Amino acid sequence: GYDNEGDSYNADVHKKRIFGQHVADYINQLKSNGEDEKVNKQFSDYVKNGLTTNKAVEAMYKTAHAKIRKAPEEPKKEKKEQAKGVKRKSYKRLGLNLKQRKEGT
């Protein structure tokens, strides 16, 4: 991170942010304070995947960055086909001609 007050750049702080070390530190801080319920509520996916240590979180981000470098373009999603016999709802009000407006329909 860049420090506006000191007008300096610290590469280690920036690297820790990129690799999610601040998240792992926060999880460990909550665990050491005995707030396991809060950890399980906020970081349930991290706990489920075993990403509670600094090395595990860093490894996850390294693999994610490697995959992005390997294929930087977002894969195109296939459009889902509509089920047969199902018509999409159209909320657009159809225009009426003069005769229909005078009839009140």
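Residues numbered from 1 in each chain as written. Predicted model: local features only at pLDDT ≥ 70, side-chain atom pairs only at ≥ 80, totals over all residues. Heavy atoms only, no water.

Chemist: Lay out the packing of aromatic side chains in plain terms, naming residues and giving numbers.
Modeler: Overall, the coordinates contain two aromatic pairs when judged by the stated rule. Ring plane angle 70° and centroid distance 6.0 Å describe the contact between Y26 and F43, whose orientation is recorded as edge-to-face. Highlighted residues: Y26 in helix α2 (residues 21-32) and F43 in the loop between α3 (36-42) and α4 (44-48), separated in sequence by 17 residues. Y26 gets classed as partly exposed once you look at its relative accessible area, which sits at 31%. Geometrically, the ring pair formed by F43 and Y46 is edge-to-face, given 5.9 Å between the ring centres and 85° between the ring planes. Grouped by ring-pair contacts, the aromatic residues Y26, F43 and Y46 constitute a single cluster. Over the aromatic face of F19 sits the side chain of K62, whose NZ or CZ is 5.9 Å from the ring centroid. (Phe/Tyr/Trp six-rings, centres within 6.5 Å; stacked < 30°, edge-to-face > 60°. Helix = DSSP H or I, 4+ residues; strand = E, 2+ residues; numbered from the N terminus. Buried < 20%, exposed > 50% of the residue type's maximum accessible area, 1.4 Å probe, protein only. Lys NZ or Arg CZ within 6 Å of the ring centre and 35° of its normal.)

Chemist: Before we move on, can you summarise the pattern of salt bridges with the specific residues and values?
Modeler: The tally for this structure, following the rule as stated, stands at two salt bridges. The closest approach of N and O atoms between K48 and D45, which form a salt bridge, is 3.6 Å. Linking K48 with D45, this pair stays in helix α4, spanning three residues, or about one helical turn. You can call D45 partly exposed: its relative accessible area is 48%. Among the salt bridges present, the one from E58 reaches K62, with a minimum N-O distance of 3.4 Å. Remark: K62 and E58 occur in helix α5 (residues 54-70); sequence separation between them is four residues, near one turn of the helix. (Salt bridge = Lys/Arg side-chain N within 4 Å of Asp/Glu carboxyl O.)

Chemist: Account for the environment of S8, naming residues and giving values.
Modeler: Looking at where S8 falls in the secondary structure, it is placed in strand β2 (residues 8-9). Spatially, the C-alpha atoms of S8 and V57 are 27 Å apart, while their sequence positions differ by 49 residues.

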